[in-house]
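A closer look at the structure
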Amino acid sequence: GEDVEQSLFLSVREGDSSVINCTYTDSSSTYLYWYKQEPGAGLQLLTYIFSNMDMKQDQRLTVLLNKKDKHLSLRIADTQTGDSAIYFCASSEQHTGNQFYFGTGTSLTVIP
Amino acid sequence: DTAVSQTPKYLVTQMGNDKSIKCEQNLGHDTMYWYKQDSKKFLKIMFSYNNKELIINETVPNRFSPKSPDKAHLNLHINSLELGDSAVYFCASSQSLGASDYNEQFFGPGTRLTVL
């Protein structure tokens, strides 16, 4: 199966940008996702990117995909205290799309 | 209104007991999942069902048995509970996929299981 790795913790000051990184091993990953988990809640899809794209922007979120290095990042501009959460990177493959591989999660703490 | 619901939200029980966690989705999805999230927040898939049929069964002790009475429900039954089963269990659902569809999973709120 796929290995999806993330750094475990990130702290930023309110108003700064946050960059959360993710690496994966399976080059046949078709879609890559970022999910957000707030304390005491389930995961919610934030954004996703198709593997033939290298960038996707959605308001304060920018996703960058380097397919050659199998590296995905999520940049949050003007980070707010409400962005404090755990962020999970995930991948799915076209032919086994029901199989999801989640990363280890990055706990983002925003300091006021 | 809730898309994916789980009951109970909290479950505290003694070692050796048998317990069930229920999951229902009202999204009309064909695929449902169970995940286990440990104390370090690592998320591991346990099972996946598509149209009531088991399609993914990761390395999970056979004390865990999923049951899908219909495609809107996927319950998790756990026999002979052990201390190491303490975790948060998440149910999720998604639509069946075409060849080029992205797969958004919708998660329930989680069930926090504590085994004493």
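Our subject in this report is the structure included herewith. (Residues numbered from 1 in each chain as written. Chains lettered and ligands numbered in written order. Predicted model: local features only at pLDDT ≥ 70, side-chain atom pairs only at ≥ 80, totals over all residues. Heavy atoms only, no water.)

1. Concerning the state of the cysteines
Each disulfide is one covalent bond, formed between the sulfur atoms of two cysteines. Evaluation of the coordinates by the stated rule reveals 2 disulfides over all chains. Each disulfide pairs two cysteine sulfurs, and for A:C22 the partner residue is A:C89, the sulfurs being separated by 1.9 Å. Judged by the sign of its S-S torsion, about -60°, the cystine formed by A:C22 and A:C89 is left-handed. On the criterion of sequence distance, the pair formed by A:C22 in strand β3 (residues 18-24) and A:C89 in strand β9 (residues 85-93) is long-range, its members being 67 residues apart. Residue A:C22 is classed as buried on the basis of its relative accessible area of 0%. Residue A:C89 is classed as buried on the basis of its relative accessible area of 0%. Residue B:C23 pairs covalently with B:C91 via a disulfide, S to S 1.8 Å. (Disulfide = S-S within 2.5 Å. Helix = DSSP H or I, 4+ residues; strand = E, 2+ residues; numbered from the N terminus. Buried < 20%, exposed > 50% of the residue type's maximum accessible area, 1.4 Å probe, protein only.)

2. Considerations on the pairing of strand β7 (residues 64-70) of chain B
Residues and elements named next belong to chain B. Strand direction decides the pairing type here: β7 and strand β8 (residues 73-78), joined by 5 bridges, are antiparallel. Paired with D70 across the bridge in β8 is H73. Counting the residues in the hairpin turn of β7 and β8 gives 2 residues. (Pairing = 2+ DSSP bridges.)

3. Comments concerning the packing of aromatic side chains
Counted according to the given criterion, the structure contains 14 aromatic pairs over all chains. Between the aromatic rings of A:Y33 and A:Y48, the centroid separation amounts to 6.5 Å while the plane-to-plane angle is 40°, which identifies the pairing as tilted. Taken together, the residues span a long stretch of sequence, with A:Y33 in strand β4 (residues 29-37) and A:Y48 in strand β5 (residues 43-50) at a distance of 15 residues. Of the residues examined, A:Y48 reaches a relative accessible area of 25% and is grouped as partly exposed. Put simply, the rings of A:Y31, A:Y33, A:Y35, A:Y48, A:F50, A:F88, A:F102, B:Y33, B:Y35, B:F90 and B:F107 pair up and form one aromatic cluster. Directly above the ring of A:Y48 sits A:K56, whose terminal nitrogen or CZ lies 3.8 Å from the centroid. (Phe/Tyr/Trp six-rings, centres within 6.5 Å; stacked < 30°, edge-to-face > 60°. Lys NZ or Arg CZ within 6 Å of the ring centre and 35° of its normal.)

4. Brief notes about the sheet that holds β7(B)
Adjacent strands of a sheet pair through backbone hydrogen bonds, lying either parallel or antiparallel. Residue and element names in this part refer to chain B. With antiparallel pairing, the 4 strands of this open sheet are ordered in space as β1-β3-β8-β7. The open sheet has two free edges, formed respectively by β1 (4-7) and β7, since each of these has just one partner strand. Neighbouring strand axes in the sheet, compared pairwise and without regard to direction, differ in orientation by 20° on average. The pairing of β1 with strand β3 (residues 19-25) spans 4 bridges and is antiparallel. Opposite S5, over in β3, you have E24 as the bridge partner. (Axes fitted to C-alpha atoms, helices over the stretch in contact; angles between N-to-C directions.)

Purely geometric stuff here, so don't read any function into it on its own.
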